[in-house]
Amino acid sequence: MTDDILDGWETVIGLEVHAELATNTKLFSSARNVFGGEPNTNIDPVSLGLPGSLPVLNKKAVELAIRVGLALNCRVQRSVFARKNYFYPDMPKAYQISQFDLPINEGGWLELPDGRQIGIERAHLEEDTGKSSHVGGGGRIHEADYSLVDYNRAGVPLIEIVGAPDLRSADDAREYVSELRSILVAIGASDGKMEEGSMRVDCNVSVRPHGNQEFGTRCEVKNINSLRSLGRAIEYEARRQVDIITSGQKVEQQTRHWDEADGRTHTLRSKEEAFDYRYFSEPDLVPLDPSLEWIAEIQESQPPLPRQRRIDLAKAAEIEPTDAALIVQKDLDEFALSVIKKGADASRVLVHLANNLADGVGHLTVDAFATLIHLETNGDLSATQAKTVLADLVDKGGDPTQIAADHGFEAMDTSELDALIESIINENPDDWTAFVQGDAEERKKKSGFFVGQVMKVTKGQADGKVVNGILLRRAEN
Amino acid sequence: MNAREIPTAIRNGETTAKEVLETYLEAIHNREEEIHAFNLVLEEEARNEAERIDTLTAEGENLGPLTGIPVAIKDNICTQGVPTTCSSKILDGWRPPYDATIIGRLREAGAVIVGKTNLDEFAMGASTENSAFGPTRNPLDTTRVPGGSSGGSAAAVAAGFAPLAIGSDTGGSIRQPAALCGVVGVKPTYGRVSRYGLVAFASSLDQIGPFAETVADAALLLEVISGHDPLDTTSIPEPPLDLSTALTQGVEGLRIGVIDELSGGAIEGISDDVLECLEDAVQALTSAGAIVERTSVPSTVYGLSAYYVIAPAEASSNLARYDGVRFGPRVDAKTTSEMMVATRTAGFGDEVKRRIMLGTYALSAGYYDAYYGKSQKVRTLIMNDFANAYKKYDLLLSPTAPTTAFPLGDKTEDPLQMYLQDICTISSNLAGHPAMSVPFGKGTDGLPVGIQVLASAMDEHTMFRAGAVLEASNQGKS
Amino acid sequence: MNERISRDDVAHVARLACLSLTNDELDSFTSQLADILEHAADLDALELEEIEPTAHPLPLANVLRDDEPGAVADREKFLASAPQVENNQFKVPPALGDPA
Ligand SMILES: [Mg+2]
Ligand SMILES: [Zn+2]
């Protein structure tokens, strides 16, 4: 788009991601941490903030938080819990136990698949809130007749990961979030499911003219529930701000709410109305000061991270790490490496894994997959046939050769194919001359013609690559 | 009969838990209307429990060190299914769905819970006049206050309604009423007794402790309720106290420092008769072989100011949960936030509102450093001063309260005057150290005076040695 | 020495604390809070620059709990003390605005 309003402007984005940690119990009590379930079944005096109840910190949540910190190259340090005070029915004690001036993880970075490093300011532990649903008024908060509160989620452990304002586009932001999600899933810290709310993104957006070093006034956008709405919200917000500035006004520092239905952001509150949270250190808890031994132990048991996995796969497959991203994201890299190790053609392995395994490997084994790839590269199966066999292997498993036979994918004898090609050449002498004498482009065009003719006679059962090989051999002789 | 004689007498068949209970219930019937020590007397439940204890004892079961002893519980400690009000309208009708840790320990030890005692709303006060259910009167002179905030528990023991009672102490709320009612009151080391189920006032200062007629009985109750609780992060990982040898050990050779600032020094307002009793106490301890001298703990002078920032700050946050959403009464309104305001405004009394406001202010943007931050530094100074003092002395000594029990209504109009009641007791809470009040002598008005014995963290043992000696000497005199 | 707390400050603090005060209450609270804060001004005499703050008297750190679920809650027990309940949830008037 050439007449885009954003031309000449740079969008500056910093994300705050909240991820629910994959523990069995809540951050400060032994009530269960499970998604969904009947309302108010995973509660106890602590989750409800009943008078007299007291928090006790979950060791597993701390371990996972340290895991996240290490994966994001942060300093893991002595930390203190603090109370963040505000009234809201979701918030049982009218304060959230969080970390303020001394977070458990500080100062790290995350590397995007293209190698850019995005700063991580901190990653701290805090508890989740309950969940309100608004009844009447079409479920819209402002028109509701009343609200119902379920405290199953109250007290679920969260890690809040605050990124530096190092992102420059909606695409950047999406890549950052998916990389972060891959990391969290890889280390077992979170299931990373945005649609279930176990990963939530708040996003700080500002704009500035290209080349400017100074940051513009930022707005924080909340209520983003998917990667898609993240991109939409950023683009909308950037345009809104540029619009304000180019019409001679000033952007006001605000907290805004993304409305998925109308595709806009709406004011929640201005800087002046901002909450005064009255943070102070939580007197019901004591400091958290993980020993160096514990941190080292966690580091040693850390599984390989997506970045390393991309490098490993790229090396084995002789491709660029960026091209390995999709396979790693699908968590199929280990499988790919095993198949490649069996001598299967890396490029065919990756093509199938990237395109033909939408629902995972199912019953497909490493051995069967390797055999299938061999059949394909030997010319015993065409690409289309291989895909069909692969689908069966995923579904029910079995022997690829047998499955191919059951489908009637008998590999053609090359001499048979050679004879067929000879007769087609004899029937189309002009085309053959053009193929033999033509330049690269002409040759490509004519090879397409001959392959098409062979496919017509064989009803698509021949392998295009094998046909091409025969044509070339004949042309050169 | 002293509390500690009751279990033996029951086991020996000299009496029954039922009989013991009836004696105390009779005292309650006779005078409770006048005193108002209780928010709730659990007559029926107590009778059932006493019967159960008698049946089990008859079957030869040993129920533990409190077998058949009636115990009164301050009404800010959660009792499952039994109303727990904190003497506030905002908890009117609330029945906790769980027991405080100490309630479980008391039951396991064979205690019989006789009722929930009155207090200043949410333990904020020094006279038990700030109760939504009316004041408690001092059993020794019903025109006077019993002190507070655990005034109901102190009065219950002083009036013979129960031989033992539980209180909580955030700035002197056990020791000051103990002094004013002429009973023994102990604030243990912070973390010695689980706070799980104690409705929080100021979490870094609150501590549960015993009231009793005697030092030995106080020790008995403290032994039962002390010890590590995994449900309270701030509970010290130590086994329950064993104070048995402390009671007879004496004070021979102990070095005791009298805090000059609180004993006629820098801080004004300690009455002469109280100071005379302190002198007598010094004599008594000296005669028993202790080396007693005056010493300075300079920062105690600033304790009150720091306390009246820190305690309200924590309280403002602890009391935010009373919002009409999950429990307790609600004043309905058009929106949730209007409902919260209406509920809180109707539910809290003036003193609670005052402290919530004070604490909110001290934590709010722009004032944090000037008030809360500064007070935390003063807390450091106080801890340092105590640490220095305990390099030289095993124990410290001071009056518990500036005066004997004062008339009802005397200080209700001037919050600051009421706050000054805690001047001698507050520093122990800020430092987390144990302290106890032991009756010693009488004022010119004939009302009891309490002497405060302070010890370093975890040293309840030495503290009880001095407490026992003071008690013996006081009884010898009268 | 800090400026004396004003009536506006008290009104602001009441809003933060979710309390509503009558005009008379605003006046009396303002003067009472001012007295108490003035008493706290004695702390201004102290040299505190080099002093570390103490938030808590306990020297403990790292008090942790194993990640083991407790007994499943009896929901009725908790809903029983709620002011209003519908569909096993806590019912409140419409919650305008948005949380943090
Ligand atoms: Mg945030
Ligand atoms: Zn957060």
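What you see is a predicted model; the values in this text were computed from it and never measured.

Chemist: Could you clarify how one ought to interpret the packing of helix 1 (residues 59-71) of chain A against helix 4 (residues 292-300) of chain A in this entry?
Modeler: Pairs of packed helices are described in terms of their axes, by the angle between the two and the distance that separates them. Residue and element names in this part refer to chain A. Packing of helix 1 against helix 4 leaves a shortest axis separation of 10 Å and a crossing angle of 65°. Considering their axes alone, helix 1 and helix 4 lie roughly perpendicular with respect to each other. For helix 1 against helix 4, the interelement crossing comes out right-handed. Contacts between helix 1 and helix 4 involve Lys-59, Val-62, Glu-63, Ile-66, Arg-67 and Leu-70 from the former and Trp-294, Ile-295, Ile-298 and Gln-299 from the latter. Taken together, the residues that form the contact of helix 1 with helix 4 break down as six nonpolar, one polar and three charged.

Chemist: Would you mind going over the layout of surface pockets with me for this structure?
Modeler: Empty space among the atoms can be located by rolling a probe the size of a water molecule over them. All names here are of chain B. Taken as a whole, the second largest pocket spans an internal volume of roughly 970 Å³. The element that contributes the greatest number of residues to the lining of the second largest pocket is helix 13 (residues 369-392), accounting for six residues. A class-by-class count of the residues in the lining of the second largest pocket yields 24 nonpolar, six polar and nine charged.

Chemist: Is there a simple way to explain the pairing of strand 7 (residues 255-259) of chain B in this structure?
Modeler: It is a general feature of regular strands that their side chains alternate between the two faces of the sheet. Residues and elements named next belong to chain B. With four of five residues buried, strand 7 is to be regarded as a mostly interior element. The sheet contact formed by strand 7 and strand 8 (residues 291-295) spans five bridges and is parallel. What sits directly across from Arg-255, in strand 8, is Ile-291. As a crossover connection, the stretch from strand 7 through helix 9 (residues 272-287) into strand 8 is right-handed. Strand direction decides the pairing type here: strand 7 and strand 9 (residues 395-399), joined by three bridges, are parallel. Directly across from Gly-257, in strand 9, lies its bridge partner Leu-396.

Chemist: What exactly am I supposed to notice about the packing of helix 2 (residues 17-35) of chain B against helix 3 (residues 43-58) of chain B here?
Modeler: Residue and element names in this part refer to chain B. Taken N-terminus to C-terminus, the directions of helix 2 and helix 3 make an angle of 160°; their axes are 8 Å apart at the nearest point. By the angle class used here, helix 2 and helix 3 are roughly antiparallel. Note on packing geometry: the crossing formed by helix 2 with helix 3 is right-handed. When helix 2 is examined against helix 3, the residues Ala-17, Lys-18, Leu-21, Glu-22, Leu-25 and His-29 are found in contact with a partner set consisting of Glu-43, Ala-46, Arg-47, Ala-50, Glu-51, Ile-53 and Asp-54. The residue inventory of the contact of helix 2 with helix 3, partitioned by class, reads six nonpolar, one polar and six charged.

Chemist: Hey, could you run me through the interface of chain A and chain C in this one?
Modeler: For interface size, the figure often reported is the accessible area lost on association. With 57 residues of chain A at the interface, the matching set in chain C holds 36 residues. Both sides of the chain A and chain C interface together cover about 4000 Å² of buried area, and 59% of this is carbon and sulfur. Arg-75 of chain C is paired through a salt bridge with Glu-38 of chain A; the nearest N and O atoms lie 3.6 Å apart. Inspection of the region where chain A meets chain C yields 19 residue pairs in polar contact (both at pLDDT 80 or more). Where the side of chain A that touches chain C is concerned, the elements lending two or more residues are strand 2 (57-58), helix 1, strand 9 (146-150) and strand 14 (264-270) of chain A. It is strand 9 of chain A that contributes the most residues to the side of chain A that touches chain C, five residues altogether. Its residues assigned to classes, the side of chain A that touches chain C comprises 29 nonpolar, 13 polar and 15 charged. Relative to strand 1 (residues 64-65) of chain C, strand 2 of chain A is paired through two bridges, and the arrangement is parallel. Within strand 1 of chain C, the residue paired with Leu-57 of chain A across the bridge is Leu-64 of chain C.

Chemist: So what exactly am I meant to see when it comes to empty space enclosed by the protein here?
Modeler: Residues and elements named next belong to chain A. According to the stated counting rule, one finds nine cavities of 30 Å³ or more in the structure shown. Estimates place the volume of the largest cavity at around 150 Å³. Forming the boundary of the largest cavity are 19 residues, of which Phe-28, Val-46, Ser-47, Lys-93 and Glu-127 lie nearest the centre. A breakdown of the residues in the lining of the largest cavity according to their chemical character gives eight nonpolar, four polar and seven charged.

Chemist: What exactly am I supposed to notice about the nonpolar core here?
Modeler: Proteins that are soluble and globular tend to have nonpolar side chains buried together. Within the largest apolar cluster, 263 residues are counted, with the highest numbers of intra-cluster contacts made by Leu-15 and Tyr-176 of chain A together with Leu-106, Phe-122 and Phe-464 of chain B. When neighbours within four sequence positions are excluded, Phe-122 of chain B is seen to be in contact with Cys-86, Ser-88, Ile-90, Leu-91, Val-199, Phe-201, Leu-319, Tyr-322, Phe-348 and Val-352 of chain B. Counting residues in hydrophobic clusters, the runner-up holds 31 residues, among them Ala-324, Leu-350, Ala-368 and Leu-372 of chain A.

Chemist: Can you walk me through helix 4 of chain A in this structure?
Modeler: Of the positions making up helix 4 of chain A, those classed as buried are Trp-294, Ile-295 and Ile-298 of chain A. When helix 4 of chain A is viewed along its axis, its buried side chains cluster within an angular range of 100° and face the same direction. Turned more than 90 degrees away from the buried face of helix 4 of chain A sit Leu-292, Glu-293, Glu-297 and Glu-300 of chain A, all of them exposed. Against helix 1 and strand 3 (75-76) of chain A together with strand 1 of chain C lie the buried residues of helix 4 of chain A.

Chemist: What's the story with the domain arrangement of chain B in this structure? I'm lost.
Modeler: Residues and elements named next belong to chain B. Splitting chain B by domain gives domain 1 (3-242), domain 2 (247-300 + 377-477) and domain 3 (306-369). The gap between the C-alpha centroids of domain 1 and domain 2 is 24 Å. The interface of domain 1 with domain 2 comprises 46 residues on the first partner and 44 residues on the second. Note on domain 1 versus domain 2: buried area summed over both sides is about 3300 Å², and carbon and sulfur give 62% of it. Its largest share of buried area at the contact with domain 2, domain 1 owes to Arg-144, Arg-175 and Val-215, together 20% of the area lost on that side. Ionic pairing is found between Glu-460 and Arg-192, a salt bridge with its closest N-O pair at 2.8 Å. Put simply, the parts of the chain that give the side of domain 1 that touches domain 2 at least two residues each are helix 6 (175-181), strand 5 (184-187) and helix 7 (215-225). Considering every element that reaches the side of domain 1 that touches domain 2, the biggest residue donor is helix 6, with six residues.

Criteria and thresholds
- Residues numbered from 1 in each chain as written.
- Chains lettered and ligands numbered in written order.
- Predicted model: local features only at pLDDT ≥ 70, side-chain atom pairs only at ≥ 80, totals over all residues.
- Heavy atoms only, no water.
- Axes fitted to C-alpha atoms, helices over the stretch in contact; angles between N-to-C directions.
- Helix = DSSP H or I, 4+ residues; strand = E, 2+ residues; numbered from the N terminus.
- Parallel < 35°, antiparallel > 145°, perpendicular 65-115°, else oblique.
- Left-handed = near helix turned anticlockwise from the far one by under 90°.
- Contact = heavy atoms within 4.5 Å.
- Nonpolar A, V, L, I, M, F, W, Y, C, P; charged D, E, K, R; others polar.
- 1 Å grid on protein atoms, 1.4 Å probe; cavity = no way out; pocket = protein on both sides within 12 Å on 5 of 7 lines; lining within 4 Å.
- Points joined across faces, edges and corners; volume = space filled by probe spheres on them.
- Buried < 20%, exposed > 50% of the residue type's maximum accessible area, 1.4 Å probe, protein only.
- Pairing = 2+ DSSP bridges.
- Right-handed = clockwise from strand over helix to strand, strands pointing away.
- Buried area = accessible area lost by both parts, 1.4 Å probe.
- Salt bridge = Lys/Arg side-chain N within 4 Å of Asp/Glu carboxyl O.
- Polar contact = N/O pair within 3.5 Å; in protein donor to acceptor, adjacent residues only side chain to side chain.
- Core = buried A, V, L, I, M, F, W, Y, C linked by side-chain atoms within 4.5 Å.
- Arc of directions from axis to C-beta.
- Domains from an automatic or database assignment.

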